[in-house]
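Results of the structural survey
Spelled out from the first residue to the last, the chains are:
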Amino acid sequence: MELLNCTSPAMILEHTASVLGCSILDQKLALHLDEHDALQHLRQHFLVPKVKDLPCIDFSCVDEKEECVYLVGNSLGLQPKNVKTYINEELDKWHKMGVHGHFEGSRPWALGDECIVDLMAKVVGAKVEEVALMNALTVNLHLLLLSFYKPTSSRHKILIEAKAFPSDHYAVESQIQLRGQDPQKSMLLMHPREGEETLRMEDIISTIEKEGDSIAVILFSGVQYYTGQLFDMPAITQAGHKKGCFVGFDLAHAVGNAELYLHDWEVDFACWCTYKYMNSGAGSLAGAFIHEKHANTVQPVLIGWWGHEMKTRFLMDNKLQLSPGINGYRISNPSILLVCALQASLEIFNQTSMKALRKKSVLLTGYLECLIKQCYTKDESDPQKPYVKIITPSNVAERGCQLSLAFSVPIKTVYKELEKRGVACDMREPNVLRIAPVPLYNSFSDVYRFINILGSVLTASQNEQA
C-alpha cells in the first residue's frame, strides 16, 4: 500500500488499522498489508525452510508442515530457486565441454564475474568500472587498506567503531602493525556515550573534525552488525574528505538492505560480502569498490594475472598491463559456481529497485517495532512481566531492516525457545537477538507470527528462570 506523505510507520499502521476497523495487533492488518504489498511476488523466487527440517524443533509446539519464520537474512539470506539450476548448468558444461567452458556459453568461466558486475553495481550505486567481484570480504579489505593506508609520522591513525565486527578490527590492527605502527596509538576507536548503545552522528563528526589531521583512513560499517544502526555515510565521507582522510566502508550489513550511492557520495573505497542480504550462500563471492577518481592514482600493492587487462592477459608475455581502478585488484579468476549463486540473487534484485525495497522495509520493520512496543514494553506496574528493549535507533533513517533486541530474561533461553518453535534468528553476545524482516522475501504475516510466538517464548523463559 502507498505510504502516506511525511508520516511515520506507526502512523501509517494506526491509520490502516483504523480504516480496517481493527487493532494494530489484529492479524487482519498483517493480511491486508501482505495483500497490498507490491513486492510480495518476489518471495516465490526463494526456498523457505520448512519447520520440520530445522534442528532443535519441539514438534509439540509447531505445525511441522509450515514454513519456518525466517528472520535471519542479516546473517544468511535464503537460497534463490535458480541457484541449483545455474550451478547444474555449469557442471553439465564442464562434463560436456571440459576446458572449452572457459570461453563458451552464456556464462564463460573466464568472464563469469564480468557477466553480472553491472547488476551488482546497480545495487551499490556505482559505475560498472568501479566494482569488482572477487575473494571474500576481509581479503578485499586487506587489499584495499594496503593501498589506502599510507601512514606518516603525523597522519597514521585509522578511525573505526569500538565494536566493529571482529574481522574488521583484526584487519585494521594487523595493517597498522604491518606498517610498523602501534595499534594503541594508531587505532582510534569510536565509543558510544556512557549508558548508550549506538553512536551519535554529532560525536562521529566531532571526532573527525578534532582528530582528522592525524587520521589517514576512516573505516566504518554501513550498518553496524550488533546494533543495526545505519550510519550517515555521505556525511561521514564529506567530513573525512574535509580533513584530508580517505573514507571507506564495510557494507556487509548494508548492501541489499539500505540504499547506497557510493559513486555520488564520493566514497573512496568499500567492500562487502554477498551471503547476507544478497542471498548467494555461505562463503560466497565478495564485492569491492574504488571510486573512479582514484582509477589512475591508487594502485594495488599485491598483483595477480586477473588484474592484467583482458585483451592481452593471455599473451603470457609477463609484461603487466594493469587494469585501472578496482579491476587491477583482481588476483585470480573466481569460481563459476559462486558466480552462479550470486547471479540468481542479483536477477531477483533486478526485478525491482533498492528504493522500492527500502520503502517496504521501512514499513515492515516499523510494523515489527510497533508490535514489540505494544506487546512487550516494560510495565512499571508489573515488574515481574518479561519485557523487550529495542537497542536499534527508532529513527528509520538510522536503521536498516534489522532490530536488535535485549531481554529482561536470559537471552540464551529466549533463543532456545524460539528455535524450538520454528523461528530462525540469531543471537550475538553479550545480550542481543537480531531480528531482520527482509523486504525481498519476508511478509507482514512473518512478523505477526513472530510476535505471537514470542509471547509463549517469554512465558516459557520466565518459568524456566523461576
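See the structure shown above.
Before going into details, it helps to say that this report is about the structure given with it.

About the thresholds
- Residues numbered from 1 in each chain as written.
- Predicted model: local features only at pLDDT ≥ 70, side-chain atom pairs only at ≥ 80, totals over all residues.
- Heavy atoms only, no water.
- Pairing = 2+ DSSP bridges.
- Helix = DSSP H or I, 4+ residues; strand = E, 2+ residues; numbered from the N terminus.
- Axes fitted to C-alpha atoms, helices over the stretch in contact; angles between N-to-C directions.
- Contact = heavy atoms within 4.5 Å.
- Salt bridge = Lys/Arg side-chain N within 4 Å of Asp/Glu carboxyl O.
- Buried < 20%, exposed > 50% of the residue type's maximum accessible area, 1.4 Å probe, protein only.
- 1 Å grid on protein atoms, 1.4 Å probe; cavity = no way out; pocket = protein on both sides within 12 Å on 5 of 7 lines; lining within 4 Å.
- Points joined across faces, edges and corners; volume = space filled by probe spheres on them.
- Nonpolar A, V, L, I, M, F, W, Y, C, P; charged D, E, K, R; others polar.

This part is about the sheet that holds strand 15 (residues 432-435). Strand order in the open sheet formed by four strands is 11-12-15-14, with antiparallel pairing between adjacent strands. Sheet topology places strand 11 (388-390) and strand 14 (426-428) at the edges, where each strand pairs with a single neighbour. If you compare each strand with its neighbour and ignore which way they point, the axes differ by 35° on average. Two strands pair when backbone bridges link them, and strand 12 (residues 403-407) and strand 15 are joined in this way by three bridges, in the antiparallel orientation. Considered in strand 15, the bridge of L403 is made with I435.

Next up on the list: the sheet that holds strand 6 (residues 187-190). Strand order in the open sheet formed by seven strands is 4-10-9-8-7-5-6, and the pairing between neighbours is mixed. The sheet is open, and its two edges are formed by strand 4 (131-133) and strand 6, each paired on a single side. Between one strand axis and the next, the sheet turns by 15° as a mean value, whatever way the strands run. Pairing between strand 8 (residues 246-250) and strand 9 (residues 269-272): three bridges, direction parallel. Following the sheet pairing, G248 is matched in strand 9 by F269. Helix-sheet contacts for helix 8 (residues 201-211) involve strand 5 (157-161), strand 6 and strand 7 (215-221), and the interaxial angle to strand 6 is about 155°.

As enumerated under the stated definition, the model contains 26 salt bridges in all. Among the ionic pairs, D446 bridges to R43, the shortest N-O distance being 2.8 Å. One end of the pair, D446, is in helix 15 (residues 444-465); the other, R43, is in the loop between helix 2 (27-35) and strand 1 (46-47), with 403 residues separating them in the sequence. Its relative accessible area of 4% is what places D446 among the buried residues. The shortest N-O distance in the salt bridge between D92 and K96 comes to 3.2 Å. One end of the pair is D92 and the other is K96, both in helix 3 (residues 82-97) and four residues apart, which spans about a single turn. Through salt bridges with shared partners, a single ionic network connects E89, E90, K93 and R107.

The next subject is the layout of surface pockets. Estimates place the volume of the largest pocket at around 300 Å³. Considering the residues around the largest pocket, the lining is formed by 18 residues, among which L230, F231, D232, A397 and E398 are closest to the centre. Here the residues of the lining of the largest pocket sort into ten nonpolar, two polar and six charged. The space that makes up the second largest pocket amounts to roughly 260 Å³. Along the walls of the second largest pocket sit 20 residues, with L137, F165, A252, Y275 and K276 positioned nearest its centre. Every element with two or more residues in the lining of the second largest pocket is listed here: helix 5 (137-148) and helix 6 (166-178). For the lining of the second largest pocket, a count of residues per class yields eight nonpolar, seven polar and five charged.

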